[in-house]
Amino acid sequence: MTSSSQLARPLRIGLIGAGTVGGGVYEIIMNRLGGGGGSSSSNTTAGQSSSSPSNNHHRSANLHPVITKICVRDASKPRTFHIDPTHTQIVTDVASIINDTDIDLVVEVAGGTTFAKDAVYASLKMGKSVVTANKALIAENLDELIGLIHDVNTKNGVKFGYEASVCGGIPIIHTLSGGCYKGDIINEIMGICNGTTNYMLGKMEEGVDYNEVLKEAQALGFAEADPTADVEGHDVRAKISILAKLSFGTTVPVHTIPCMGITNVSVIDFAYAKSMGCTIKLIGTATRKSQFGEHDGALSVYVSPKLVPNDHPLASATGCGNAVVVNSANLGTALYTGPGAGRYPTANSIVADIMRVADSTCPSAPFPLSSSIEIDNDYESAFYIRISFQDGLGIVRKVGEVAESMGMSIHSILQQPITDRMAADTVVTTEACKLSQVQEFCNRIEKEDFVLCPPVFMPMIPEY
Ligand SMILES: NC(=O)c1ccc[n+]([C@@H]2O[C@H](COP(=O)([O-])OP(=O)(O)OC[C@H]3O[C@@H](n4cnc5c(N)ncnc54)[C@H](OP(=O)(O)O)[C@@H]3O)[C@@H](O)[C@H]2O)c1
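Residues numbered from 1 in each chain as written. Predicted model: local features only at pLDDT ≥ 70, side-chain atom pairs only at ≥ 80, totals over all residues.

By the naming in an unreviewed UniProt entry, the protein chain goes by Homoserine dehydrogenase and is assigned to Discostella pseudostelligera. Note on the protein chain: under the UniProt heading Sequence similarities (unreviewed entry), the record states "Belongs to the homoserine dehydrogenase family." In its Catalytic activity (unreviewed entry) section, the UniProt entry covering the protein chain states "L-homoserine + NADP(+) = L-aspartate 4-semialdehyde + NADPH + H(+)". (UniProt positions renumbered as here; feature names shortened; annotations may be inferred.)

Written out as structure tokens, the structure is:
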């Protein structure tokens, strides 16, 4: 008897990249979903034995993907997964995927913004659907990419999936773009979108020094040899620009987003945070101001470590975990949490996109239409400011004077008992004020004789 999956033409995939994520995509498609057993050959390999009968419900006639080519940099490099040569050819020339008229869909999991960009653009222009995990590529080229997808779609019905690009395994892109908030108005979205820094901050909360925890994260493979994109907040910046686009329709160019990473956060900040019932998280925020009582004003998008009350939903994301909080008019506050990276969680999001392309449920317009919401990234918040100083007379008075001259209202002044008069610190918390006011306050304070280094500041999430 002939089964329906033998009759249907498989969705043929070219996979660009076979590292952490690409390996997971290959294993799920070819082994768990039986892609290796569903194409022209009925051969299976030892690695495909997980295609158990219980998994076969995924393989309906039109949900039948198979990876026919993999492009890598170095074909001789040993892989951490088994590639079945009866179904899949390894290539190093990406054009042999892009120009292959037999390939319907390209999965880009190479990373970076040069080679990957060329491959994604060329694939779309060739009328192939694309699924990518590449937040940097999307965020840096958002409007250009949307234009290209629109142009290509007037001739070919290509699809573009990018679920894995933000918060790896958490289906936040689909939640925001797939209609869950269609009848709602999003006021604010905040995300812990970087597992490496969340892990590091968690260790610092336990008292481990920044440099030590960075070395440990690198040794464990959580942090790159060059950790800049993670610790300086650039990774979160790309992700929050994508979430802002989906939540508010507005493209906020990444280079205009104020971005502070975790390099200035110290163990002492956690001691002060604890005394206020808070923890510290690196958070990407996109929020609308209130003009007439609703969240109807300008949109602010920024990345910064933030003081988070311990009972706030975002405080619950520990270790490498990711979490996104969406605040909206109808639903109120909703928390989406889960693994933000890793082989299988990220590959799962890629495979979900592939399946949506295969069964034609992937939207033709993957991003919302542009909105005319004004952008004002000089955001407002209550702030935490730590000033390190050499003890002397009149310091609190001077701090108060500078704050007053800036029109900044001080909410509280905190100080741990001074144990070293040559290197002490005090924390000022403010009432709501603008980022630019705090920056100028810090610039002025830094010039005072008693100040030892640039003050460290971060916004505070109000009590939940
Ligand atoms: N890792 C995660 O948990 C995670 C989570 C979410 C999103 N992402 C995103 O997923 C993408 C891939 O990440 P990854 O961690 O899987 O990267 P990876 O482990 O470094 O793998 C990259 C793969 O791309 C190939 N490649 C790179 N440049 C190439 C070129 N010029 N020509 C041909 N092949 C090339 C490499 O080939 P060789 O193996 O031959 O060197 C390698 O197989 C990135 O955009 C990343 O931001 C990753």
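After presenting the structure, the write-up continues.
Draft legend 1. Focus on the sheet that holds strand 6 (residues 160-161). If you walk across this open sheet you meet the 6 strands as 3-2-1-4-5-6, and the pairing is parallel. Strands at the two margins of the open sheet, each flanked by one partner only, are strand 3 (89-91) and strand 6. Where strand 2 (residues 65-71) meets strand 3, 3 bridges bridge the pair, whose relative direction is parallel. From the neighbouring strand, Ile70 faces strand 3, where its bridge partner is Ile90. Sheet strands in contact with helix 2 (residues 20-32) are strand 1 (11-16), strand 2 and strand 4 (105-108), and its direction is about 150° off that of strand 2. (Pairing = 2+ DSSP bridges. Helix = DSSP H or I, 4+ residues; strand = E, 2+ residues; numbered from the N terminus. Contact = placed C-beta atoms within 7 Å. Axes fitted to C-alpha atoms, helices over the stretch in contact; angles between N-to-C directions.)

Draft legend 2. Inspection of the UniProt feature "domain: ACT" (unreviewed entry) in the protein chain at higher detail. The feature "domain: ACT" (unreviewed entry), as given by UniProt, occupies residues 384-459 in the numbering adopted here. Regarding residues 384-459, the helix share stands at 30% and the strand share at 32%, and the terminal C-alpha atoms are separated by 6 Å.

Draft legend 3. Broad picture of the site of the ligand. As a structural note, the neighbourhood of the ligand is formed by 22 residues, with Gly17, Gly19, Gly111, Ala133 and Ala341 the closest of them. The element best represented in the shell around the ligand is helix 2, accounting for 3 residues. Classifying every residue of the shell around the ligand by side-chain character gives 10 nonpolar, 9 polar and 3 charged. (Near = placed C-beta within 6 Å. Nonpolar A, V, L, I, M, F, W, Y, C, P; charged D, E, K, R; others polar.)

Draft legend 4. Looking closely at the packing of helix 14 (residues 395-405) against helix 15 (residues 435-446). With their axes 10 Å apart at the nearest point, helix 14 and helix 15 run at an angle of 140° to one another. With respect to each other, helix 14 and helix 15 are oriented oblique. Viewed along their axes, helix 14 and helix 15 form a crossing whose handedness is right-handed. Of helix 15, the residues touching helix 14 (which contributes Val399, Val402 and Ala403) are Phe441, Arg444 and Ile445. Along the lines of polarity and charge, the residues of the contact of helix 14 with helix 15 split into 5 nonpolar, no polar and 1 charged. (Parallel < 35°, antiparallel > 145°, perpendicular 65-115°, else oblique. Left-handed = near helix turned anticlockwise from the far one by under 90°.)

Draft legend 5. Highlighting the pairing of strand 11 (residues 332-339). Where strand 10 (residues 321-328) and strand 11 come together, 8 bridges link them in antiparallel fashion. Following the sheet pairing, Asn322 is matched in strand 11 by Gly338.

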